[in-house]
Number of protein chains: 2
Amino acid sequence: MQRVYLDNNATTRVDPAVVQAMLPLFTDSFGNGSSMHSFGGGVARLIRHARMSLTELLGAQQESEVIFTSGGTEANTSAIFSAIELLPDRKEIITSTVEHPAILAPLAHLEKTRGYTIHRIPVDAQGRLDIDAYRAALSDKVALVTIMWANNETGTLFPVPALATLAKEVGALFHTDAVQAVGKVELAVKSTDIDMLSLSGHKFHAPKGTGALYVRKSCRFRPLFRGGHQERDRRAGTENAPGIVGLGKAAELALEHHARDLTRIRDLRDRLEAGILQQVGAAAVVGDRERRLPNTATIAFEFIEGESILLLLDREGIAASSGSACTSGSLEPSHVLRAMGVPYTAAHGAIRFSLSRETTDADVDRVLEVVPGIVARLRSMSPYWEASAGAPRADFAPAFS
Amino acid sequence: MQRVYLDNNATTRVDPAVVQAMLPLFTDSFGNGSSMHSFGGGVARLIRHARMSLTELLGAQQESEVIFTSGGTEANTSAIFSAIELLPDRKEIITSTVEHPAILAPLAHLEKTRGYTIHRIPVDAQGRLDIDAYRAALSDKVALVTIMWANNETGTLFPVPALATLAKEVGALFHTDAVQAVGKVELAVKSTDIDMLSLSGHKFHAPKGTGALYVRKSCRFRPLFRGGHQERDRRAGTENAPGIVGLGKAAELALEHHARDLTRIRDLRDRLEAGILQQVGAAAVVGDRERRLPNTATIAFEFIEGESILLLLDREGIAASSGSACTSGSLEPSHVLRAMGVPYTAAHGAIRFSLSRETTDADVDRVLEVVPGIVARLRSMSPYWEASAGAPRADFAPAFS
């Protein structure tokens, strides 16, 4: 059976060239990069090279702005704790209602245990940030603004550089969780007011357990992990040299592929969306159609359950997602779709197809061949569908299609 | 040239069998373990298997006591922050003067920024903990005791189970940094009062970027990384599945090798020490000769510089260390040797040879062939050696040989 992997916002296949780059670091050049002998010497050079590749991918100013971490969650956590330690007299933090749990959960914990006020800026029906509410929340009481670059569930892009400039005006630190953006949109962080940016390697064909936090040269930083001089005293712990080298190689590949692949991926995604909407009624694309990641198609199928769709897709060899894998297993619909006001009857049936540079025309053909039948079969068993007589609700169709 | 790697306390070569176990997770079974499709399903099973192997290696009671981390430093940091969050009214912490910087640095930071009193228990000339001072520091004001199982620089073993029992009597949480002990001594954490234990994969032939925190079932825990249900809500972030599987395989190999290799390694180490001391005067083994890791030989050569010895060893293809790689690049002698009262003239010339199950008889032969000449050559250029007329200082020899 042809297997189709369209869950690349959850994780990507590691590029075989990345694995090849890592292999010598396990059993050959395995020395500790900080050691004074030749088993360690070549490693430091390889890590420097990886840091240069990341710097280029981000469009950063210099290599020292990149701190390697164990992934996006560590980068996010480090950014939050650094900010509140640097500005201890400011007790407010601004974020959005649609952030990843790796931002929302630590902020909720600070709210509960350390008396922080968290401003959660709402979004509209297309997932666009309420800029007026954002401006109103900004003040000199705000230590940190942390707003994602691209939403993991809908692909909606926030105007992060503009938001950063506004934050700077009140002296707040600005962090962006760019885990879904890096490798999918071209970044030039140098020419923005962003202070910190998180990325995760496994979202763009590097291995799991790798990531980085960008910290602008002019921005101070307080480390989460202390006790070693690694990463210029900003992240203690023996460097994960194979992972870092793999991450660097993945950054190089992303840069090479940007020019030719981002457009191709967008075309594939657009064909997937158009093909499904043409064949399936009472379905709509969720998210901002204008400003969106090129690889993400989230489609809400009214009156059926996303989990059931996934199971039937899986039987056909197709992998997709019903929202963030981090919240799967829960029966609650996604907090992102709820924040957008997507009706429950539609939010429950939302499926995210996320493509990558490995996605082919044949993959899209296969999905288009299979999805209409699955939806029809599930709807034929759905009491809600029967009650609706196949007509989408009036409050759903206009906002999301 | 025969290359000899005796810096295994810094990092070890990844076992080729570990690499083989990891490889399918990069490009084949690469799905997110939390996903609802078959690209992710097999991964969850492999992670469970790895957790069972770690449980067995630690002699823990059940798999849920193992939380996978990105390494020893994250495990240590998580343990410290969990303890102070669980017992916020207790403002004292007990540790030793010879801990790894990954413990000493975060504690110094808590002392400086959050008003904690840190009791740093001293050691004697052989690196043994001052038990009277430890007992005196224990009180119901102590939130956490964190004392290492085995010292990274000297291999000295602390009586951790007994220390944990004493800590429990005053209601303090007990954590041990067992990064150097795991894989080198047999553990049975189940039958102790230890609440938390840190380990690092790359110290026993697993890859860098892997580790774990053991948290006893009866011990509460507050996560450092929040925002995902991974590790039973105790460590958010996509699981580093290849790393975890590699760590599990390394744990299996360590268990297999314990019986036959720990004695063999000890014999090799003893032959190395005896051979050097026989051929080189004004040199002494540093650490507790009775209770010590089987793989570690730290030898202080009086009146010469450790860094010079390392450079000449490196030219001969031999890798060793002049102390923790985490503090290399500094001209200060090791804080561990200073805490033991080793005179500066000897501490500066201390070299750590750390063996592993990959160390051979031929490796030891090669070191014994090379070291005496190097020491003689450096001493012939040393003004201190000339002044001493080749005689060790009276205050050095009795305490450390």
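Quick caveat: nothing in here was measured; it's all calculated off a predicted structure.

A. Just the overall build of chain A, in detail. Helix and strand counts for chain A stand at 14 helices and 12 strands. Taken against the 2.2 N^0.38 rule, which gives 21 Å for 401 residues, the C-alpha radius of gyration of chain A at 22 Å falls within 12% of a compact globule. Out of the 401 residues belonging to chain A, those deemed buried represent 64%. Contacts in chain A between residues at least 24 apart in sequence constitute 76% of all its contacts with a sequence separation of at least 6. In chain A, which carries 43 positive and 46 negative side-chain charges, the distance between the mean positions of the two groups comes to 4 Å.

B. Region of the structure containing the domain arrangement of chain A. Residue and element names in this part refer to chain A. When its domains are assigned, chain A resolves into domain 1 (4–10 + 258–400) and domain 2 (16–254). Tallying the contact residues gives 32 residues for domain 1 and 34 residues for domain 2. Each partner contributes to the roughly 2700 Å² buried at the junction of domain 1 and domain 2, and carbon and sulfur atoms together form 53% of this total. Three residues stand out in domain 1 for area buried against domain 2, namely His258, Leu293 and Arg357, and they jointly supply 24% of the buried area on that side. Our enumeration of links across domain 1 and domain 2 arrives at 0 salt bridges. The interface formed by domain 1 and domain 2 contains 15 residue pairs in polar contact (both at pLDDT 80 or more). Elements with a minimum of two residues in the side of domain 1 that touches domain 2: α8 (241–279), β10 (296–301), α10 (335–339) and α14 (397–400). Ranked by residue count, the leading element in the side of domain 1 that touches domain 2 is α10, at 4 residues. Of the residues assigned to the side of domain 1 that touches domain 2, the class counts are 12 nonpolar, 13 polar and 7 charged.

C. Expanded view of the relation of the copies chain B and chain A. Structural alignment of chain B on chain A gives an RMSD of 0.0 Å, achieved by rotating through 180 degrees and translating 0.0 Å along the axis. On this basis, the relationship between the two copies can be described by a two-fold rotation axis. Relative to the rotation axis, the closest C-alpha in chain B is found at Ser70 of chain B, a distance of 3.0 Å. By residue overlap, the copies meet face to face through one surface: 100% of the interface positions of chain B are interface positions in chain A.

D. Looking closely at the sheet that holds strand β3 (residues 92–96) of chain A. Residues and elements named next belong to chain A. Pairing in this open sheet of 7 strands is mixed, and the strands run β2-β8-β7-β6-β5-β3-β4 from one edge to the other. The outermost strands of the open sheet, each flanked by one partner alone, are β2 (66–69) and β4 (117–121). Strand after strand, the sheet turns through a mean of 20 degrees between neighbouring axes, direction not considered. As paired strands, strand β6 (residues 173–177) and strand β7 (residues 196–200) are joined by 3 bridges and run parallel to one another. Bridging from a neighbouring strand, Thr176 pairs with Leu197 of β7.

E. Focus on the pattern of salt bridges. Residues and elements named next belong to chain A. Tallied over the full model, the rule gives 33 salt bridges over all chains. Close ionic contact of Glu358 with Arg13 constitutes a salt bridge, the shortest N to O distance being 3.0 Å. Within this pair, whereas Glu358 is found in the loop between β12 (350–354) and α12 (361–380), its partner Arg13 is found in the loop between β1 (4–5) and α1 (16–27), the two being separated by 345 residues in sequence. Here Glu358 falls in the partly exposed class, since its relative accessible area comes to 29%. Taking the relative accessible area as the measure of exposure, Arg13 reaches 24% and is therefore partly exposed. Between Glu252 and Lys249 there is a salt bridge whose closest N-O contact spans 3.9 Å. Of this pair, Glu252 and Lys249 both sit in helix α8, separated by 3 residues, roughly a single helical turn. By sharing partners, the salt bridges in this structure join Arg269, Asp270, Glu273 and Arg292 into a single network.

F. Examining the environment of Ala178 of chain B more closely. All names here are of chain B. Mapping Ala178 onto the fold places it in the loop between β6 (173–177) and β7 (196–200). Separated by 29 residues in sequence, Ala178 and Trp149 have C-alpha atoms that sit 4.9 Å apart. Here Ala178 is in contact with Trp149, Leu197 and Ser198, once residues within four sequence places are set aside.

G. Looking closely at the nonpolar core. Counting residues in each nonpolar core, the largest one holds 138 residues, and the members touching the most others are Tyr134 and Leu197 of chain A together with Tyr134 and Leu197 of chain B. Beyond its immediate stretch of four places on either side in the chain, Tyr134 of chain B contacts Ile94, Ile121, Val145, Ile147, Leu163, Leu166, Ala167 and Phe174 of chain B.

H. Highlighting a positive patch on the surface. There is a patch of like positive charges on the surface, built from Lys91 and Arg114 of chain A together with Lys91 and Arg114 of chain B. For Arg114 of chain A, the location among the structural elements is in helix α4 (residues 101–114).

I. Region of interest: the environment of Arg216 of chain B. Residue and element names in this part refer to chain B. Inspection of the secondary structure assignment puts Arg216 in the loop between β8 (211–215) and α7 (230–233). A relative accessible area of 11% places Arg216 in the buried class. Sequence separation between Arg216 and Asp193 is 23 residues; the distance between their C-alpha atoms is 8.9 Å. For Arg216, the contacting residues outside a window of four places in its chain are Glu65, Val189, Lys190, Thr192, Asp193, Ile194 and Asp195. A polar contact is formed between the side chain of Arg216 and the backbone oxygen of Thr192, at a distance of 2.8 Å. There is a polar contact of 2.8 Å between the side chain of Arg216 and the backbone oxygen of Ile194.

J. The arrangement of the packing of helix α1 (residues 16–27) of chain B against helix α8 (residues 241–279) of chain B in detail. Residues and elements named next belong to chain B. It is the contact of α1 with α8, at a shortest axis distance of 8 Å, that shows an interaxial angle of 155 degrees. When the axis of α1 is compared with that of α8, the two are roughly antiparallel. Regarding α1 and α8, the two cross each other, and that crossing is right-handed. Taking contact as the criterion, the partners of Ala17, Val18, Ala21, Met22, Leu25 and Phe26 in α1 are, on α8, Ala241, Pro242, Gly243, Val245, Gly246, Lys249, Ala250 and Leu253. Class assignment for the residues of the contact of α1 with α8 results in 11 nonpolar, 2 polar and 1 charged.

Rules used in this analysis
- Residues numbered from 1 in each chain as written.
- Chains lettered and ligands numbered in written order.
- Predicted model: local features only at pLDDT ≥ 70, side-chain atom pairs only at ≥ 80, totals over all residues.
- Heavy atoms only, no water.
- Helix = DSSP H or I, 4+ residues; strand = E, 2+ residues; numbered from the N terminus.
- Rg over C-alpha atoms; globule rule 2.2 N^0.38 Å.
- Buried < 20%, exposed > 50% of the residue type's maximum accessible area, 1.4 Å probe, protein only.
- Contact = heavy atoms within 4.5 Å.
- Lys, Arg positive; Asp, Glu negative; His and termini not counted.
- Charge placed at Lys NZ, Arg CZ, Asp CG, Glu CD.
- Domains from an automatic or database assignment.
- Buried area = accessible area lost by both parts, 1.4 Å probe.
- Salt bridge = Lys/Arg side-chain N within 4 Å of Asp/Glu carboxyl O.
- Polar contact = N/O pair within 3.5 Å; in protein donor to acceptor, adjacent residues only side chain to side chain.
- Nonpolar A, V, L, I, M, F, W, Y, C, P; charged D, E, K, R; others polar.
- Least-squares fit on C-alpha atoms with pLDDT ≥ 70 in both.
- Pairing = 2+ DSSP bridges.
- Axes fitted to C-alpha atoms, helices over the stretch in contact; angles between N-to-C directions.
- Core = buried A, V, L, I, M, F, W, Y, C linked by side-chain atoms within 4.5 Å.
- Patch = residues over 30% accessible without salt bridge, like charges linked within 9 Å, V, L, I, M, F, W, Y side chains within 5 Å.
- Areas by Shrake-Rupley, 256 points an atom, 1.4 Å probe, with all protein chains shown as cover.
- Parallel < 35°, antiparallel > 145°, perpendicular 65-115°, else oblique.
- Left-handed = near helix turned anticlockwise from the far one by under 90°.

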